[in-house]
Amino acid sequence: GRTTQFTGGCRGQEHSQSCLAALNAHSPADGTVALRSGHLTDTSEPAIFQCTTASMLTLTSALLGASTAMEAAGTARSMLFASVPKFSPPPPSSPTLAPPPSPIELTCPADIDAEIMKIYRGGQYDACPAESFYYKHHPDVYDGYEGCVGENGLHPCGQDGFGGADGVTTYNKQFAYQNGQCVDTGYTMETMSYWIMWGHPMDKKELLKRTGLNPVISFPFVRGPYPSYGFSPNSDGDEADLWPVHQEWLYYLGWPEGDLDHYGAYPTEGAEQSMDLLYAAKALELASTSCTRRMYILAEAPAYGYDIAQAARWANTRSNEFYSGPECECFPDCNEPTLTIAPIVGHVVGDPFPEAVGGDGVTYAADSTETNSPWIETMVFPENPTGKVKTPLLTVERRVCDGVYVYPMYFGANNWTVPSDLIPDCSGWAYSITKVYSAAFRAGIVTYKKDQPAFATALGRMASRAASGANGIYSDMAWMGYIQFMQLAMNSGAVDSPSSWIGAYKTIQEEKWSALIDAQADCPFMRVTNPNAGAYSFWAAKEPAFGLDLYTFFWDSLGVEVPGYGYSFRGADPAAIYGEGLTTDDFVRMQLYRDVNVYLEVARRIGITCGDLDAAVPGFLSFNEWKAERESARRRRLNDKEMSHEEQFASVKAVAPRLTDDEAHRMAANRVRRNLLAQRVNTECAKDGFAQSCVMEVYGRNGNDTPVKQGGKQAYVARKKTVQRRKMTHQERIKLLSEHSVHPK
């Protein structure tokens, strides 16, 4: 694995054929390479090569003209192993494996990450703009484009990939991919629009710049069997090392030393899956010990929503274990797979607890400790979207917790440290790599309290179900990679060092928060409710903007697409929490995971519109224009009928005639799309309590949505990219859109 780099000769001239020819002239006729005392040397010219912290891949690529990194790697391996003296393993009866014979001594330093990153043009060798990376497509995809691509969607050109190909026009991006080239559109960061919907971690550029790291996770091919996991208490599986390392990781982050000794754990593919498993396990535990088959989840509002329908499906796979007794209303059919979980119930602290009927026909308040009580409590630490550190409401046996944000950079309100004295006591926790490294890397862990054996057993059965063959057996690369990242981050320095992974992340988040907080400091119509707290900025309207759908201001006046997130109150009254006059239409959640420069630009625009209510960001509405148009549109709307594109266009031009027709048409088209998607969310996702998985499916994870219908026509908005579509020319794309869009222009 660890080999060489140039120490002279062709360094910096790796593509010079004359230099390579001269270098080859000094190589031995048979091309052999010998390993001695940690140095990989040419047998005739020992000074040419030296074993350093680099990789043989650079050497191989240069000498042999390898066309790809993988080809270079393969050639490097061939060169290396061809020179290694062969030896035979001992016979099966031998008690120990004899070491390979001399002169092989691989004593090179372990860090070859820099050379790997050099090959892939990443890490400290990344020349692409923020939110993009270097990639080479297959010849059948984007005509084999090679260069910077968006991290989201891998769409050509060095910019974010949100919205796919159509996002170039939807968001006025800087580059358009035309005829195999990235063509400058003339737009800049100051004139484009921004998609800031879900929590896609996009801080890679700044993190690597500030830490100087080349994070590489490696998977040497050393085993071939199916993985085997210990999905039962006190049972070790392949992943036995994961939980001990994760405990070290949590202690490093600020967890009280020894506090985790009472927990066991199972591997998962992320916190979202882990939470659904916790719900399923808690529901299975309650159904196995009581008559209850309809479960209710309590959360202090506002709160995040999970895929509770999936949790119920998992629990029902073990219906044979459900309790059955004549006192139960389900008797004699108590072992049928009829368990359901109601949508999360939002609660305002200080109000009476909500009530629900248990499986024995008795009504129970949420804080009841009776066996047949149907209540479960859920918490996020700190909460999404508010960043609040909440106080537990029910007993620990009824509580499951999400720890996906349990990192110092999400506790800015606590001086950027984890408040160890406020960590809730929970039956189980969900953790993940998502919000500290990469959401593309699916790895997580779910824990259970050892002193709750029924719950621990139920959780193991649910986790085993989620990792079954039908669901795609959990890959050992997930937990192995998880371990590697945690060790990389811990080895990068003290948690509060500005050059460590966590320390750098803290300063990045602090800069984002600082810009937004300063921009809204004296804003007369909106405020950020949770300065420095959590992973999301949670905005509330002030009286001039009450009831006008604050999220439309972000889109129409700031050029920022964000979710309204009023559904996070889950039945609770926002006015009881944030003040009289506020409704669910008056809130916005803006995630803080895009590159820091995005938030500096958003803050600039907020400053313009808040500082002067008649001032406008070029191409958008001022606050007064937005307010007048919203009030006028609401008066004209009949029977909640949404306005057509033409009506939207006329409405915009009526309050802002200064806008060009193109600007007004673009705003109208975005409004039609926005309204139709909002309608779909309200109809399709309400039944499951606005689970985030449903909401993201409607809006699209990257802004790539299914067609929406308006006026009998289909407006193809950010369609999923197909190979055929990727190969279309710009002119062909315009023709297709003009044939099918709401407004052909």
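A quick note: this is a predicted structure, and the numbers were derived from the prediction, not measured. (Residues numbered from 1 in each chain as written. Predicted model: local features only at pLDDT ≥ 70, side-chain atom pairs only at ≥ 80, totals over all residues. Heavy atoms only, no water.)

A. Molecular detail of the overall build of the protein chain. When its secondary structure is counted, the protein chain shows 21 helices and 25 strands. Expressed as a percentage of its 745 residues, the buried residues of the protein chain come to 55%. Of the accessible surface of the protein chain, which amounts to about 31,400 Å², a share of 52% is contributed by carbon and sulfur atoms. (Helix = DSSP H or I, 4+ residues; strand = E, 2+ residues; numbered from the N terminus. Buried < 20%, exposed > 50% of the residue type's maximum accessible area, 1.4 Å probe, protein only. Areas by Shrake-Rupley, 256 points an atom, 1.4 Å probe, with all protein chains shown as cover.)

B. Region of interest: empty space enclosed by the protein. Taken as a whole and assessed by the stated rule, the structure comprises 6 cavities of 30 Å³ or more. If you add up the space inside the largest cavity, you get close to 100 Å³. What lines the largest cavity is Thr170, Ser193, Trp555, Asp556, Gly619, Phe620, Glu663, Arg666, Met667, Asn670 and Arg671. When contributions to the lining of the largest cavity are tallied by element, the ones reaching two or more residues are α13 (550-558) and α18 (661-684). It is α18 that contributes the most residues to the lining of the largest cavity, 5 residues altogether. Grouping the constituent residues of the lining of the largest cavity by class yields 3 nonpolar, 4 polar and 4 charged. (1 Å grid on protein atoms, 1.4 Å probe; cavity = no way out; pocket = protein on both sides within 12 Å on 5 of 7 lines; lining within 4 Å. Points joined across faces, edges and corners; volume = space filled by probe spheres on them. Nonpolar A, V, L, I, M, F, W, Y, C, P; charged D, E, K, R; others polar.)

C. Structural context of the sheet that holds strand β21 (residues 536-541). Taken in spatial order, the 3 strands line up as β20-β21-β23 in an open sheet, and their pairing is antiparallel. The open sheet has two edge strands, β20 (526-528) and β23 (587-591), and neither has a second partner. Neighbour-to-neighbour, the strand axes of this sheet turn through a mean angle of 25°, independent of strand direction. In this structure, β20 lies alongside β21, joined through 3 bridges in antiparallel fashion. Paired with Met526 across the strands is Ala541, a residue of β21. Here helix α12 (residues 501-519) sits on the sheet in contact with β20, β21 and β23, set at roughly 10° to β21. (Pairing = 2+ DSSP bridges. Axes fitted to C-alpha atoms, helices over the stretch in contact; angles between N-to-C directions. Contact = heavy atoms within 4.5 Å.)

D. The environment of Met192, seen in detail. Along the chain, Met192 falls in the loop between β8 (181-184) and β9 (194-195). On the basis of relative accessibility, which here comes to 9%, the residue Met192 falls in the buried class. Measuring from C-alpha to C-alpha, the distance between Met192 and Gly559 comes to 7.4 Å, with 367 residues separating the pair along the chain. Not counting the four nearest positions on each side in its chain, Met192 is found in contact with Asp160, Tyr171, Asn172, Lys173 and Arg605.

E. Representation of unusual backbone geometry within the structure. Between Phe381 and Pro382 the backbone carries a cis peptide bond, its omega angle lying at -10°. Topologically, Pro382 is positioned in the loop between β16 (375-380) and β17 (399-402). Residue Pro385 follows Asn384 across a cis peptide bond; omega there is 20°. Looking at the element boundaries, Pro385 is found in the loop between β16 and β17. Positive phi, close to 70°, is recorded for Glu131, a residue that is not glycine. By the secondary structure assignment, Glu131 is in the loop between α4 (113-120) and β5 (132-136). Despite not being glycine, Asp143 shows a phi value in the positive range, around 55°. Mapped onto the secondary structure, Asp143 falls in the loop between β5 and β6 (146-150).

F. Representation of the packing of helix α7 (residues 242-253) against helix α11 (residues 476-491). With their axes 10 Å apart at the nearest point, α7 and α11 run at an angle of 30° to one another. Considering the angle they form, α7 stands roughly parallel to α11. The element α7 and its partner α11 pack so that their crossing is left-handed. Where α7 abuts α11, its residues Leu242, Val245, His246, Glu248, Trp249 and Tyr252 lie against Trp479, Tyr482, Ile483, Phe485, Met486, Gln487, Ala489 and Met490. Broken down by class, the residue content of the contact of α7 with α11 amounts to 11 nonpolar, 2 polar and 1 charged. (Parallel < 35°, antiparallel > 145°, perpendicular 65-115°, else oblique. Left-handed = near helix turned anticlockwise from the far one by under 90°.)

G. Fine view of helix α10 (residues 453-466). Spanning 14 residues, α10 covers 20 Å between terminal C-alpha atoms, matching the ideal 20 Å at 1.5 Å per step. Residues of α10 that are buried in the fold lie against β10 (263-268), α8 (271-289), α9 (308-316), β17, β18 (428-432) and β19 (444-449). (Expected span 1.5 Å × (residues − 1).)

H. Fine view of the state of the cysteines. Across all of its chains, the model carries 7 disulfides by this definition. A sulfur-sulfur distance of 2.1 Å marks the disulfide that ties Cys128 to Cys148. Here the S-S torsion is close to -90°, and the disulfide linking Cys128 with Cys148 is therefore left-handed. Of this pair, Cys128 sits in the loop between α4 and β5 while Cys148 sits in strand β6; the two residues are 20 residues apart in sequence, bridging distant segments of the chain. For the residue pair Cys128 and Cys148, the accessibility class agrees, reading buried in each case. (Disulfide = S-S within 2.5 Å.)

I. Representation of the nonpolar core within the structure. Trp249, Trp501, Met526, Trp539, Phe554 and Met590 are the most contacted members of the largest nonpolar core, which has 169 residues in total. Take this core: its biggest share by element is 11 residues, from α8. With near-sequence residues (within four places) excluded, Met590 lies in contact with Ile196, Leu516, Tyr536, Ser537, Trp539, Phe554, Val560, Val562, Tyr599 and Val602. With 6 residues, the next largest nonpolar core counts Val141, Tyr142, Tyr145 and Val149 among its residues. (Core = buried A, V, L, I, M, F, W, Y, C linked by side-chain atoms within 4.5 Å.)

J. Structural context of the environment of Cys334. Of note, Cys334 is situated in the loop between α9 and β12 (340-341). Once residues within four sequence positions are removed from consideration, Cys334 is found in contact with Arg293, Phe322, Tyr323, Ser324, Gly325 and Cys328.

K. Molecular detail of the pairing of β16. Taking burial as the measure, the 6 residues of β16 include 6 buried ones, the bulk of the element. Where strand β11 (residues 294-300) and β16 come together, 3 bridges link them in parallel fashion. Pairing of Leu298 across the sheet is with Glu377, part of β16. Two strands pair when backbone bridges link them, and β16 and β17 are joined in this way by 4 bridges, in the parallel orientation. Looking at the pairing, Val380 lines up with Asp402 of β17.

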